[in-house]
Amino acid sequence: MPPPGGYDAASPPRGGYDAGPPPSDLPSPGLLPSGTGPVPHSGPQSSGRGPLEPWPDTVRWQPISTNLIWVELIRLAVVVAIGLAVTAIGWALSGHWLFGLALALVVVLGAWRAIAIVRAVRAWGYAERDDDLLVRHGLLVRRLSIVPYSRMQFVDVSAGPLERAFDLATVQLHTAAAASDARVPGLRPAEASRLRDRLTALGEDRAEGL
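Summarised in this report is the structure supplied together with it.

Calculation criteria
- Residues numbered from 1 in each chain as written.
- Predicted model: local features only at pLDDT ≥ 70, side-chain atom pairs only at ≥ 80, totals over all residues.
- Heavy atoms only, no water.
- Helix = DSSP H or I, 4+ residues; strand = E, 2+ residues; numbered from the N terminus.
- Buried < 20%, exposed > 50% of the residue type's maximum accessible area, 1.4 Å probe, protein only.
- Salt bridge = Lys/Arg side-chain N within 4 Å of Asp/Glu carboxyl O.
- 1 Å grid on protein atoms, 1.4 Å probe; cavity = no way out; pocket = protein on both sides within 12 Å on 5 of 7 lines; lining within 4 Å.
- Points joined across faces, edges and corners; volume = space filled by probe spheres on them.
- Nonpolar A, V, L, I, M, F, W, Y, C, P; charged D, E, K, R; others polar.
- Pairing = 2+ DSSP bridges.
- Core = buried A, V, L, I, M, F, W, Y, C linked by side-chain atoms within 4.5 Å.
- Contact = heavy atoms within 4.5 Å.
- Polar contact = N/O pair within 3.5 Å; in protein donor to acceptor, adjacent residues only side chain to side chain.
- Axes fitted to C-alpha atoms, helices over the stretch in contact; angles between N-to-C directions.

### Examining unusual backbone geometry
Its identity as a non-glycine residue notwithstanding, Asp167 has a phi of 60°, on the positive side. Examined against the element boundaries, Asp167 turns out to sit in the loop between helix 3 (161-165) and strand 6 (169-175). Judged by relative accessible area, Asp167 falls into the partly exposed class, the value being 43%.

In C-alpha cells, the structure reads:
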C-alpha cells in the first residue's frame, strides 16, 4: 500500500507522463526543428504564356502577302456598292428617312470593315514544325489551328479570279475532322506549290509510320 500523499512507483505520477520533463530529442512546445518550414507548392506553375501564343521562342511565323488586302477590299467595295445602290434607289422612290439612315449605316460599316480587313490580313501567319502545321488568324476572336501531318488526308491549292489577278493562291488542308481543317490564303503560287508538296510528303511519311 502506497504511503499517504505518495504514489506507487509502478503507476504514473499525478498529471500523467506529461508532468515530467520532455524527452531531450523533442522540440520545445510551439517550436519547429531548425531547417523546417512550410512545404512549397509543387503544383503546375503558370508560365505567363497565352494559349494562342505557344512556344513563341521556337516557332518561326511566316506572314502572308499583303496583296490579299487589295483582294478583300475589292470584294468589300462590290458589296458596299450594291448596298448603296439599293438604299439610294429606295430613298429616291419613297423619300422615307429610314433609307437615308440605312445609307449612312452602309457607309460606316463599309469603312469599319475596310480597317478590319487590313488588320486581319496582317494577323494571318503560319509555321511549319517537324510534326504539325500551325495557322493563326483573327482579330476580335483569335484562332490558332494545329494540324498534325499524320491527320491530313489531302491538300489542294485554289485561286479565284481576283487572287489570280494579284498573283495569289490559297492552300487548303483537309483532315478527317472537318472542324480541324485549316487554310493559308495570300500565298504566292511558288510558295503555295512548295507548301502543298511538302505537306503532302510529310503527311504520307507520318501516315506510313503509324
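There's more to say after this.
### Examining the pattern of salt bridges
One pass over the full model with this rule turns up seven salt bridges. The salt bridge partner of Arg198 is Glu128, with a shortest N-O separation of 2.7 Å. Of the two residues, Arg198 sits in helix 4 (residues 189-209) while Glu128 sits in strand 2 (residues 125-128), which places them 70 residues apart along the sequence. Sharing partners across several salt bridges, the network here consists of Glu128, Glu191, Arg194 and Arg198.

### Focus: the layout of surface pockets
In this structure, the largest pocket encloses a volume near 490 Å³. Listed by contribution, the elements that provide at least two residues to the lining of the largest pocket are helix 1 (68-94), helix 2 (97-123) and strand 7 (182-187). The element best represented in the lining of the largest pocket is helix 2, accounting for eight residues. Across the lining of the largest pocket, the residue classes tally to 12 nonpolar, three polar and six charged.

### A look at the sheet that holds strand 4 (residues 143-148)
Taken in spatial order, the four strands line up as 1-2-3-4 in an open sheet, and their pairing is antiparallel. Two strands in the sheet have a free side with no partner beyond their single neighbour: strand 1 (62-63) and strand 4. Sheet analysis places strand 3 (residues 132-137) next to strand 4, joined by six bridges and oriented antiparallel. The residue of strand 4 that forms the bridge with Val135 is Ser145.

### Observations regarding the pairing of strand 3
One ladder, built from four bridges, connects strand 2 with strand 3; its direction is antiparallel. When the sheet's bridge partners are listed, Tyr126 is paired in strand 3 with Val135. Connecting strand 2 to the antiparallel partner strand 3 that follows it, the hairpin turn spans three residues. Adjacent in sequence and paired antiparallel, strand 3 and strand 4 are bridged by five residues, among which Gly138 carries a positive phi angle near 105°.

### Some words on the nonpolar core
Counting 28 residues, the largest nonpolar core has Ile64, Tyr126, Leu187 and Leu199 as the members making the most contacts within it. Within the residue set of this core, elements represented by two or more residues are helix 1, helix 2, strand 3, strand 5 (152-158), strand 6, strand 7 and helix 4. Apart from the residues within four sequence positions on either side, Leu199 is in contact with Leu133, Tyr149, Met152, Val155 and Leu173.

### Details of the environment of His174
With respect to the element layout, His174 can be found in strand 6. Taking the C-alpha atoms as reference points, His174 and Val155, 19 residues apart in sequence, are found 6.1 Å from one another. A polar side-chain atom of His174 sits 2.9 Å from a polar atom in the side chain of Asp156.

### So, the sheet that holds strand 7
Taken together, three strands build an open sheet; the order of strands is 5-6-7 and the sheet is antiparallel. Sheet topology places strand 5 and strand 7 at the edges, where each strand pairs with a single neighbour. Strand-to-strand twist across the sheet, computed as the mean angle between neighbouring axes with direction ignored, equals 15°. Sheet topology note: the strand 6/strand 7 ladder contains four bridges and is antiparallel. If you follow Gln172 over to strand 7, its bridge partner there is Arg183.

Without other data, these values stay purely geometric and don't point to any function.
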